[in-house]
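Structural characterization, general
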Amino acid sequence: MSPELRQTIVHARTAEYSGIMRTVIFAFAVIGAALHFGPGDYSAPLMVLTLTVTAYGVLAGGSALDDIHALKSDMTDDFKATTYGAGVLARDILKLKLASSVMLGLTGLAVVLAILL
């Protein structure tokens, strides 16, 4: 794989991850607004939407981060020797994936509890 192709894929997957996170945060904000301004009773559609948004964020976001992590191993030795390459190698994408998944899961749990209570 050429460095240009690898970098193009990294940029695309990074943009997709950002889009996924932006969509999930917007959806949680809309659900929160519906809970705040709604009647306050249990809502099965909001519960399903919350679970779907949480699963989408964790799974799709995790997939994008897995691809970015895998692309780190495709760097050439010359690229790894650069300052930028060393910086890329130092980033722990799996920790970002864990933090992202935990935060989305906790947000989803908070919304589920808000729906139930």
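Keep in mind that what you see is a predicted model, and the values were worked out from it rather than measured. (Residues numbered from 1 in each chain as written. Predicted model: local features only at pLDDT ≥ 70, side-chain atom pairs only at ≥ 80, totals over all residues. Heavy atoms only, no water.)

Points about the overall build of the protein chain
This is how it is decided: Secondary structure elements follow DSSP: runs of H or I no shorter than four residues count as helices, runs of E no shorter than two count as strands, and numbering proceeds from the N terminus. Using C-alpha atoms as the atom set, the radius of gyration is obtained and then compared with a globule rule of 2.2 Å times the number of residues to the power 0.38. Partly exposed describes any residue whose relative accessible area lies between the buried limit of under 20% and the exposed limit of over 50%, with all areas from a 1.4 Å probe on protein chains only and scaled to the type maximum. The criterion used for residue contact is that any of the two residues' heavy atoms lie within 4.5 Å. Calculation of accessible area relied on Shrake-Rupley with a 1.4 Å probe; when residues are assessed, cover is drawn exclusively from the protein chains displayed.
Along the backbone of the protein chain there are 5 helices and 0 strands. Across the protein chain, helices and strands are ordered from the amino to the carboxyl terminus as α-α-α-α-α. What you see for the protein chain is a C-alpha radius of gyration of 18 Å, clearly larger than the 13 Å of a compact globule of 117 residues, by over 25%. When the backbone C-alpha atoms are referred to their principal axes, the protein chain occupies close to 60 × 20 × 15 Å. Buried residues in the protein chain amount to 30% of all 117 residues. Sequence separation of 24 or more characterises 81% of the internal contacts of the protein chain that already satisfy a separation of 6 or more. Within the structure as shown, the protein chain displays about 7200 Å² of accessible surface, and the carbon and sulfur contribution to it stands at 71%.

What about empty space enclosed by the protein?
Short version of the rule: Both cavities and pockets are sets of points on a 1 Å grid over the protein atoms alone; in a cavity a 1.4 Å probe fits but cannot get out, in a pocket the set is open with protein on both sides within 12 Å along at least five of seven lines, and lining residues sit with an atom within 4 Å of a point. Grid points are joined across faces, edges and corners, and a volume is the space filled by probe spheres set on the points. Residues are grouped as follows: Ala, Val, Leu, Ile, Met, Phe, Trp, Tyr, Cys and Pro are nonpolar; Asp, Glu, Lys and Arg are charged; all remaining types, including Gly, are polar.
For the coordinates displayed, the defined rule picks out 1 cavity of 30 Å³ or more. By volume, the largest cavity is sized at about 40 Å³. Residue lining of the largest cavity: Met1, Ser2, Pro3, Arg6, Asp74, Met75, Thr76 and Phe79, and that is the complete set. Grouping the amino acids of the lining of the largest cavity by side-chain chemistry returns 4 nonpolar, 2 polar and 2 charged.

Here we look at the side chain of threonine 54
Relative to the elements of secondary structure, threonine 54 occurs in helix 2 (residues 44–72). Note on threonine 54: relative accessible area 13%, which makes it buried. With residues near it in sequence (within four places) discarded, threonine 54 still touches Phe28, Leu104, Gly105 and Gly108.

Notes on helix 1 (residues 3–37)
Since there are 3.6 residues in each turn of an α-helix, residues three or four apart along the chain are aligned in direction. Formally: Multiplying 1.5 Å by the helix residue count minus one yields the expected span of that helix.
Under the 1.5 Å per step criterion, the end-to-end length of helix 1 is 51 Å for 35 residues, consistent within 8% with the ideal 51 Å. Within the sequence span of helix 1, burial applies to Arg6, Gln7, Val10, Arg13, Tyr17, Ile20, Met21, Val24, Ala27, Phe28 and Ile31. Contacts from the buried residues of helix 1 go to helix 2, helix 3 (77–80), helix 4 (83–90) and helix 5 (93–116).

None of this, on its own, says anything about what the molecule does.
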